[in-house]
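# Per-entry structural report
What follows is each chain in one-letter form.
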Amino acid sequence: QVQLVESGGGLVQAGRSLRLSCAASGRTFSSYFMGWFRQAPGKEREFVAAISWNGGNTYYADSVKGRFTISRDNAKNTVYLQMNSLKPEDTAVYYCAGLLTVGPPPAVRYWGQGTQVTVSS
């Protein structure tokens, strides 16, 4: 069993940066692919980024490629999402996820509770 707790969300102006963190409990964290998803009001939850168990491979949605960076620290059981050059359309609740596979589509085994990111223009 893995429990995921996100932090780092907030209100930020367009063009600025935020870093989200996802702390995982459980001894099997390092064996999972990890990912970030987001859901904007009135929209479906969508894939943002994923990272392999050892951090050697990363995957991004086209909409965030070049602006967001996913990373992980297995010693700290934590995965990060560095978000640069934020746009108002990045406004959403961001969810951390433990993945069985990246897919596509990704197969999610565990979800966090989500953290709100709001980007003002």
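In this report, we go over the structure that sits alongside the text.

Conventions and cut-offs
Residues numbered from 1 in each chain as written. Predicted model: local features only at pLDDT ≥ 70, side-chain atom pairs only at ≥ 80, totals over all residues. Heavy atoms only, no water. Salt bridge = Lys/Arg side-chain N within 4 Å of Asp/Glu carboxyl O. Helix = DSSP H or I, 4+ residues; strand = E, 2+ residues; numbered from the N terminus. Contact = heavy atoms within 4.5 Å. Pairing = 2+ DSSP bridges. Axes fitted to C-alpha atoms, helices over the stretch in contact; angles between N-to-C directions.

### Describing the pattern of salt bridges
In this structure the tally under the stated criterion is four salt bridges. Across the salt bridge formed by arginine 38 and aspartate 90, the nearest N and O atoms sit 2.9 Å from each other. Placement of arginine 38 in strand 4 (residues 33-39) and of aspartate 90 in the loop between strand 8 (78-83) and strand 9 (92-101) is noted, with a sequence separation of 52 residues between them. It is possible to trace a salt-bridge network through shared partners that takes in Arg38, Glu46, Arg67 and Asp90.

### What about unusual backbone geometry?
In this structure, proline 104 follows glycine 103 across a cis peptide bond, with omega equal to 15°. Its location among the elements puts proline 104 in the loop between strand 9 and strand 10 (107-111). Omega for the bond connecting proline 104 with proline 105 falls within 30 degrees of zero, at -5°, which places this linkage in the cis form. Within the fold, proline 105 resides in the loop between strand 9 and strand 10. Despite not being glycine, asparagine 77 shows a phi value in the positive range, around 50°. Take asparagine 77: it is sitting in the loop between strand 7 (68-73) and strand 8.

### A closer look at the environment of phenylalanine 68
Relative to the helices and strands, phenylalanine 68 resides in strand 7. Separated by 50 residues in sequence, phenylalanine 68 and leucine 18 have C-alpha atoms that sit 9.6 Å apart. Not counting the four nearest positions on each side in its chain, phenylalanine 68 is found in contact with Arg38, Val48, Tyr60, Leu81, Gln82, Met83, Asn84, Leu86, Asp90 and Tyr94.

### Topic: the sheet that holds strand 3 (residues 18-25)
The antiparallel open sheet is built from four strands, whose spatial order is 1-3-8-7. In the strand order of this sheet, the two ends are held by strand 1 (3-7) and strand 7, each with one partner. Between one strand and the next, the sheet's axes are offset by a mean angle of 15°, whatever the strand orientation. The sheet contact formed by strand 1 and strand 3 spans five bridges and is antiparallel. Note that in strand 3 the partner of valine 5 across the bridge is alanine 23.

### What about the pairing of strand 10?
Sheet topology note: the strand 9/strand 10 ladder contains four bridges and is antiparallel. For threonine 101, the partnering residue across the bridge sits in strand 10 and is alanine 107. Counting the residues in the hairpin turn of strand 9 and strand 10 gives five residues, including glycine 103, whose phi is positive at 80°.

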